[in-house]
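Next come the chains, spelled out residue by residue.
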Amino acid sequence: MSDIKSGDAKATFKQVKKHFSPSLAMAGKFMGQGAVETSAEGCRVTLSDGRQALDFGSYAVALLGHRNVAVVRAVRDQLDRMPTSTRSVLNPVPALAAETVVDYLGGALPKVYFGSGGADAVEVAVKLARVATGRSTVIAVEGAFHGKTLGALALTHHDRFRGGLDSVLPGAVHIDPARPDAVARVLAETDDVAALIFEPVQGENGVTTLDPAILARWCADAKAAGAFVIADEIQVGLRRCGERSVALAAGLPVDAVLLGKALGGGVVPVSAMVCSEELYAPLAADFVLHTATFSGHPLATAAIVPALATIEEHVADGLRVGAEMAAGLEAIAADHPESVSAVRGRGLLWGVDFVSPEFVGEVQVGLAQRGLVVSTCLSRPEVLRLIPPIVATSEDIEQALFLLRGSIEQARAAVA
Ligand SMILES: Cc1ncc(COP(=O)(O)O)c(C=O)c1O
């Protein structure tokens, strides 16, 4: 048995290789430079060899950094009282969390379903849209990422994840994000459209912002045809891209906002579908239509109230972090036009386009050696995502940009 607290890197590598996947073991060994992660606080992760890494990655979960004090306190308190639910007697914790998340989004979407991961929220939203309309087609966007369970995967656009499964992923039509008439064109061909789903900013697709004017036209066309509109903000909501909900702030007439990742305060896994009475109607009529053993789990939902309150305490920090990241990344791009082809993003979500996937690989060597954790875009291997916590200080950002700059210079020397 390895020592979990101090982290036996060799044993972990062997276990991951044997019980998960050899390539996962190799990738993780490379990123940790032979060490494993053992503890974390704020923006920093401590590794088993004593080094510390700066976390600007974690796939957008650690918006509040690691082990936020208020969230840990609430979860620990729930752990000491009643972490799990009978699911027969009512529990006040998910009920209060639902009221809080509805108020947080302004109150116009009054209904909630809690899941554990983001795909859970996608699944229930799409299922309800199909049941409520009696239709089966869902319009999604080229480049979309909505998760990898079969229902969500049908909406996810990338071939790498869909390989060999197309026959069991029916019912989705993917539209061109540049065409204002894309939804109208689908509607002209079929009256079977149950929903339109989109990410206002496609995080996994290299941090690509969809045109708000085009989104407005799509939403209007979908609504006019009686289809539901679902904004997947699992990655970009909760102030990651500045707003509580990007779609609601843009005035888009959405029937559902999907939240996940940072909703658990970086401490527990929890997601939410927050929606209109109309979309929720089938579930309101028959609450067992969609259930899951851990839906509304008290330990997970206990995190939501302190997580949302703490995010709001840091709104001004978020603006500062966004401005510092924009200025710093643009300066790096200007200094390295031969290596960086574009910088895209907003707020606390940035994509840096490098000239090739091979070059990104070299940059990652430098980042791993220097101790800066970022998140790759699995579907766009030439793009690195920097996803800073809202609690990052100016010094943290300066350090991250310094480490990135050094890694680019090292990569240039390696490929020269
Ligand atoms: C926009 C979006 N939707 C859905 C998902 C799926 O979430 P999960 O991996 O928690 O199932 C993700 C995950 O990255 C995402 O970015």
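Further up the page is the structure itself.
Residues numbered from 1 in each chain as written. Predicted model: local features only at pLDDT ≥ 70, side-chain atom pairs only at ≥ 80, totals over all residues. Heavy atoms only, no water.

(A) Structural context of the nonpolar core. In terms of nonpolar packing, the biggest core is built from 81 residues, with Phe198, Trp218 and Phe354 touching the most fellow members. Ranked by residue count, the leading element in this core is helix 16 (residues 394-415), at seven residues. With residues up to four places along the chain from it excluded, the contact list for Phe198 reads Val141, His146, Leu210, Leu215, Cys219, Val229, Ile230, Ala231, Asp232, Leu252 and Val254. Tyr113, Val124, Leu128 and Leu155 belong to the second-largest nonpolar core, a separate cluster that totals 26 residues. (Core = buried A, V, L, I, M, F, W, Y, C linked by side-chain atoms within 4.5 Å. Buried < 20%, exposed > 50% of the residue type's maximum accessible area, 1.4 Å probe, protein only. Helix = DSSP H or I, 4+ residues; strand = E, 2+ residues; numbered from the N terminus. Contact = heavy atoms within 4.5 Å.)

(B) Here's a closer look at empty space enclosed by the protein. Tallied over the entire structure, the rule returns one cavity of 30 Å³ or more. In this structure, the largest cavity occupies an estimated 30 Å³ of space. Ala60, Leu63, Ile234, Gln235, Gly237, Arg240, Gly260, Lys261 and Ala262 together form the lining of the largest cavity. Residues that form the lining of the largest cavity fall into these classes: four nonpolar, three polar and two charged. (1 Å grid on protein atoms, 1.4 Å probe; cavity = no way out; pocket = protein on both sides within 12 Å on 5 of 7 lines; lining within 4 Å. Points joined across faces, edges and corners; volume = space filled by probe spheres on them. Nonpolar A, V, L, I, M, F, W, Y, C, P; charged D, E, K, R; others polar.)

(C) Seen up close, the site of the ligand. Inspection of the region around the ligand gives Gly117, Gly118, Ala119, Phe145, His146, Gly147, Glu199, Asp232, Ile234, Gln235 and Lys261 as its neighbouring residues. The contact in question runs from a nitrogen atom of the ligand to an N or O atom on the side chain of Asp232, over 2.7 Å. Within the complex, 79% of the 390 Å² of free accessible area of the ligand lies under protein. The class makeup of the residues in the shell around the ligand is three nonpolar, five polar and three charged. (Near = heavy atom within 4 Å. Polar contact = N/O pair within 3.5 Å; in protein donor to acceptor, adjacent residues only side chain to side chain. Areas by Shrake-Rupley, 256 points an atom, 1.4 Å probe, with all protein chains shown as cover.)

(D) Looking closely at unusual backbone geometry. Within the chain, Arg87 stands out as a residue other than glycine whose phi angle is a positive 65°. In this structure, Arg87 sits in the loop between helix 3 (69-81) and helix 4 (92-104). Overall, the relative accessible area of 42% leaves Arg87 in the partly exposed class. Within the chain, Leu238 stands out as a residue other than glycine whose phi angle is a positive 60°. Looking at the secondary structure, you find Leu238 in the loop between strand 10 (228-232) and helix 10 (246-249). For Leu238, a relative accessible area of 2% gives the class buried.

(E) Examining helix 1 (residues 9-20) more closely. Helix length check: helix 1 (12 residues) gives 15 Å between terminal C-alpha atoms against 16 Å at 1.5 Å per residue, within 8%. Taken together, the buried positions of helix 1 are Ala9, Ala11, Phe13 and Val16. Where helix 1 is buried, its residues meet helix 2 (22-31). Structurally, the start of helix 1 carries an N-cap: the backbone nitrogen of Lys10 is 3.2 Å from a side-chain oxygen of Asp8. (Expected span 1.5 Å × (residues − 1).)

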